[in-house]
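Coordinate inspection notes
Spelled out from the first residue to the last, the chains are:
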Amino acid sequence: MEQTFILIKPDGVQRALVGEIISRFEKKGFFLRGLKFTKADRPTIEKHYKNSIAKPYFDMLVDYMISSPVVAMVWEGKGVIAGGRKLIGSTDPLATMPGTIRGDFSIDIGRKIQHGNVIHGSDSLEEAKDEIALWFPEEERIVNWHSSLQPWIYE
Ligand code: IDP
Ligand code: MG
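All of these numbers come straight from a predicted model, not from anything done at the bench.

1. Overview of the packing of aromatic side chains
By the definition in use, this model includes 5 aromatic pairs. A centroid spacing of 6.3 Å and a plane angle of 45° characterise the contact between Phe25 and Phe30, whose relative ring orientation is tilted. Judged by relative accessible area, which is 0%, Phe25 ranks as buried. When the ring of Phe31 is compared with that of Tyr154, the centres are 5.7 Å apart and the planes differ by 40°; the resulting orientation is tilted. Within this pair, whereas Phe31 is found in strand S2 (residues 31-38), its partner Tyr154 is found in the segment after helix H8 (150-153), the two being separated by 123 residues in sequence. Take Phe31 and Tyr154: they sit in the same class, and that class is buried. Members of the aromatic cluster, each reached through a chain of ring pairs, are Phe25, Phe30 and Trp75. Above the face of the Phe136 ring, Lys36 is positioned so that its terminal group lies 5.0 Å from the ring centre.

2. Side note on the site of ligand 1
Around ligand 1, the structure places Lys9, Tyr49, Tyr57, Met60, Leu61, Arg85, Thr91, Arg102, Ile109, Gly110 and Asn117. Between ligand 1 and Lys9 there is a distance of 2.9 Å, counted from an oxygen atom to a side-chain nitrogen or oxygen. If ligand 1 stood free it would expose 530 Å²; the protein chains cover 76% of that surface. Residues that form the shell around ligand 1 fall into these classes: 5 nonpolar, 3 polar and 3 charged.

3. So, the pairing of strand S1 (residues 3-8)
Burial runs high along S1: 5 of the 6 residues are buried. Here 6 bridges tie S1 to strand S3 (residues 70-76), and the two strands are oriented antiparallel to one another. Directly across from Ile8, in S3, lies its bridge partner Val71. Relative to strand S4 (residues 119-121), S1 runs antiparallel, the two sharing 3 bridges. Among the inter-strand pairings, Ile8 is bridged to a residue of S4, identified as Ile119.

4. Quick notes on the side chain of Thr100
By secondary structure assignment, the location of Thr100 is in the loop between helix H5 (80-88) and helix H6 (101-105). Only 2.7 Å separates the side chain of Thr100 from the backbone oxygen of Met97, close enough to count as a polar contact. If we skip the residues at most four places from it in the chain, Thr100 touches Arg24, Lys86, Leu87, Ile88 and Gly89.

5. As for unusual backbone geometry
Note on backbone geometry: most residues besides glycine have negative phi, and most peptide bonds are trans. One non-glycine residue, Ala16, lies in the positive phi region at around 60°. With respect to the element layout, Ala16 can be found in the loop between helix H1 (10-14) and helix H2 (18-28). Overall, Ala16 belongs to the exposed group, its relative accessible area being 66%. One non-glycine residue, Val118, adopts positive backbone phi at about 75°. Examined against the element boundaries, Val118 turns out to sit in the loop between H6 and S4. By relative accessible area, Val118 is classed as buried at 0%.

6. Things to note about the sheet that holds S4
Pairing is antiparallel across the open sheet formed by 4 strands, whose spatial order is S2-S3-S1-S4. One side of each edge strand has no neighbouring strand; the edge strands of this open sheet are S2 and S4. With direction set aside, neighbouring strand axes in the sheet form an average angle of 15°. Across the sheet, H5 is in contact with S1, S3 and S4; its angle to S1 comes to roughly 25°. This element, helix H7 (residues 125-135), spans S1, S2, S3 and S4 of the sheet and lies at about 60° to S1.

Cut-offs applied
Residues numbered from 1 in each chain as written. Chains lettered and ligands numbered in written order. Predicted model: local features only at pLDDT ≥ 70, side-chain atom pairs only at ≥ 80, totals over all residues. Heavy atoms only, no water. Phe/Tyr/Trp six-rings, centres within 6.5 Å; stacked < 30°, edge-to-face > 60°. Buried < 20%, exposed > 50% of the residue type's maximum accessible area, 1.4 Å probe, protein only. Helix = DSSP H or I, 4+ residues; strand = E, 2+ residues; numbered from the N terminus. Lys NZ or Arg CZ within 6 Å of the ring centre and 35° of its normal. Near = heavy atom within 4 Å. Polar contact = N/O pair within 3.5 Å; in protein donor to acceptor, adjacent residues only side chain to side chain. Areas by Shrake-Rupley, 256 points an atom, 1.4 Å probe, with all protein chains shown as cover. Nonpolar A, V, L, I, M, F, W, Y, C, P; charged D, E, K, R; others polar. Pairing = 2+ DSSP bridges. Contact = heavy atoms within 4.5 Å. Axes fitted to C-alpha atoms, helices over the stretch in contact; angles between N-to-C directions.

What follows is the structure, encoded as structure tokens:
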């Protein structure tokens, strides 16, 4: 089944949203496949955001992402890449709908280190594969299990 990479960003961890975010993905019917609490280093974040390297906010984004611990996760389920992005909401927290994680818990996208949009989620199959490989090296990859809830959630 499809997998995506989800990262609770430094502001999400500092604001004690880890449990809430995991709970939303669990309750939707996605399955946790990898989980790591870590402080990211600069090279990892530069690779993670390689497509944003030309953006004017890139240096600030990297500083923000290494400022404090993050929670890296792999989630699995039918349509989990697009479905995870729906749970997250769009990039600008003020513009996105309440009911989404960013819409419920954040305001500013980030002009200083502490401001952010709480969470990252892969936006394509290719990005998901790259990010899972970046954050979870082969030897940490990835517990193979099946939830007994699966037949109650998936046809
Ligand atoms: P996404 O996180 O919704 O996929 P991207 O366009 O991939 O959005 O941007 C990656 C991250 O870069 C955003 O989540 C946000 O933290 C940061 N970012 C995007 N646009 C801006 C901006 O205009 N100002 C500051 N930070 C931004
Ligand atoms: Mg993105």
